Amino acid sequence: MMNKTQRLQRWYDDNETADSLLFGEFMHLGANQTILTVGLHGVEPDQDSVILDLACAVGGNARWLASLFNCTVFGNDIDQDAIATANDLARIEGVGDRCNFIVAPVENTGLEDSSIDLVVSTDIYDIEEVVRVLKPGGRFLLSALFRLGAETPDEIAAKHGLEVELRRDITELAQTFLHSKEEEALLLQKSNIITDRQLITVINNALRRRGGHHMLVRWRKGG
């Protein structure tokens, strides 16, 4: 049986993109376990909590939450290879009985209405689906880029019956993270581990994630 490192390396080998190599199992910018810890401070899950890691990729956050809080976690993604990897890693880490990874789009997770205590996400996907699956009093924790002109956390709250409980501007952290990934990509390119085209892809993707404020926001559903 492969260990965690070997299984992740197989994922990297099978997905020959610089983004996979650079961003690792958490697959997102500026949001990591430290960010999640800040966002969950004061409302930590327990063993009875049910959590959804929206667009989970290989389930890094989902597995961390299941391991730390012994809670039940769902994770969805449209990438079948990512979901297969997430399931394998959950078994390797001994949390396979607490993690449920499913192939499903963000706008139709297939989960029951009002079945989730906490949704975590690293992008603003489908707020209506998030609100649908949240229990009354459930929370939505998001770390994402709010582009200039986009709906603000307060506007989203007013539109969808949510209350803003936490709002932190982490733009400086996100920009530092992006810059470090660009430098890592340049080092990989100079070492002939990634191609010139892959380097350009990383830089272009990083640039597209700029132009606004990267926010850590936690909403609470009314009821």
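Residues numbered from 1 in each chain as written. Predicted model: local features only at pLDDT ≥ 70, side-chain atom pairs only at ≥ 80, totals over all residues. Heavy atoms only, no water.

Enquirer: Break down the packing of aromatic side chains for me, citing the residues and quoting the values.
Expert: One pass over the full model with this rule turns up two aromatic pairs. Between the aromatic rings of Trp64 and Phe69, the centroid separation amounts to 6.4 Å while the plane-to-plane angle is 85°, which identifies the pairing as edge-to-face. In this pair, the class of Trp64 matches that of Phe69, namely buried. (Phe/Tyr/Trp six-rings, centres within 6.5 Å; stacked < 30°, edge-to-face > 60°. Buried < 20%, exposed > 50% of the residue type's maximum accessible area, 1.4 Å probe, protein only.)

Enquirer: Outline helix H1 (residues 4-14), supporting the account with residue identities and numerical values.
Expert: Every buried residue belonging to H1 is among Arg7, Leu8, Trp11 and Tyr12, and all of these are buried. Viewed end-on, H1 has its buried residues packed into an arc of 145°, placing them on one side of the element. What points out from H1, more than 90 degrees from its buried face, is the exposed set Thr5 and Asp14. Regarding H1, its N-cap is Asn3, as a side-chain oxygen of that residue lies 3.2 Å from the backbone nitrogen of Thr5 further along. (Helix = DSSP H or I, 4+ residues; strand = E, 2+ residues; numbered from the N terminus. Arc of directions from axis to C-beta. Polar contact = N/O pair within 3.5 Å; in protein donor to acceptor, adjacent residues only side chain to side chain.)

Enquirer: Explain helix H8 (residues 171-190) to me, using residue names and the numbers behind them.
Expert: With 20 residues, H8 should cover 28 Å at 1.5 Å per step; its first-to-last C-alpha distance of 29 Å lies within 8% of that length. Within the span of H8, buried status applies to Thr171, Ala174, Phe177, Leu178, Lys181, Glu182, Ala185, Leu188 and Gln189. Looking straight down H8, one finds that the buried residues subtend no more than 140° of arc, so they occupy a single side. Away from the buried face of H8 by more than 90 degrees, exposed residues Glu172, Thr176, Leu187 and Lys190 are located. (Expected span 1.5 Å × (residues − 1).)

Enquirer: An account of the confidence of the model for the protein chain is requested, with residue identities and associated values reported.
Expert: Across the protein chain, the average pLDDT comes to 88, with 90% of residues at 70 or higher. Across the protein chain, the secondary-structure element scoring lowest on mean pLDDT is helix H2 (residues 18-23), at 61, and the one scoring highest is strand S3 (residues 99-103), at 98. (pLDDT = per-residue confidence, 0-100.)

Enquirer: For the packing of H1 against helix H5 (residues 80-92), give the residues involved together with the corresponding values.
Expert: Packed helix pairs are characterised by how far apart their axes lie and by the angle those axes make with each other. Running from N to C, H1 and H5 point in directions that differ by 175°, and their axes come no closer than 10 Å. Considering their axes alone, H1 and H5 lie roughly antiparallel with respect to each other. Note on element contacts: H5 touches H1 through Asp81, Ala82, Ala84, Thr85, Asp88, Leu89 and Ile92, opposite Lys4, Arg7, Leu8, Arg10 and Trp11. Among the residues making up the contact of H1 with H5, the classes are represented as six nonpolar, one polar and five charged. (Axes fitted to C-alpha atoms, helices over the stretch in contact; angles between N-to-C directions. Parallel < 35°, antiparallel > 145°, perpendicular 65-115°, else oblique. Contact = heavy atoms within 4.5 Å. Nonpolar A, V, L, I, M, F, W, Y, C, P; charged D, E, K, R; others polar.)

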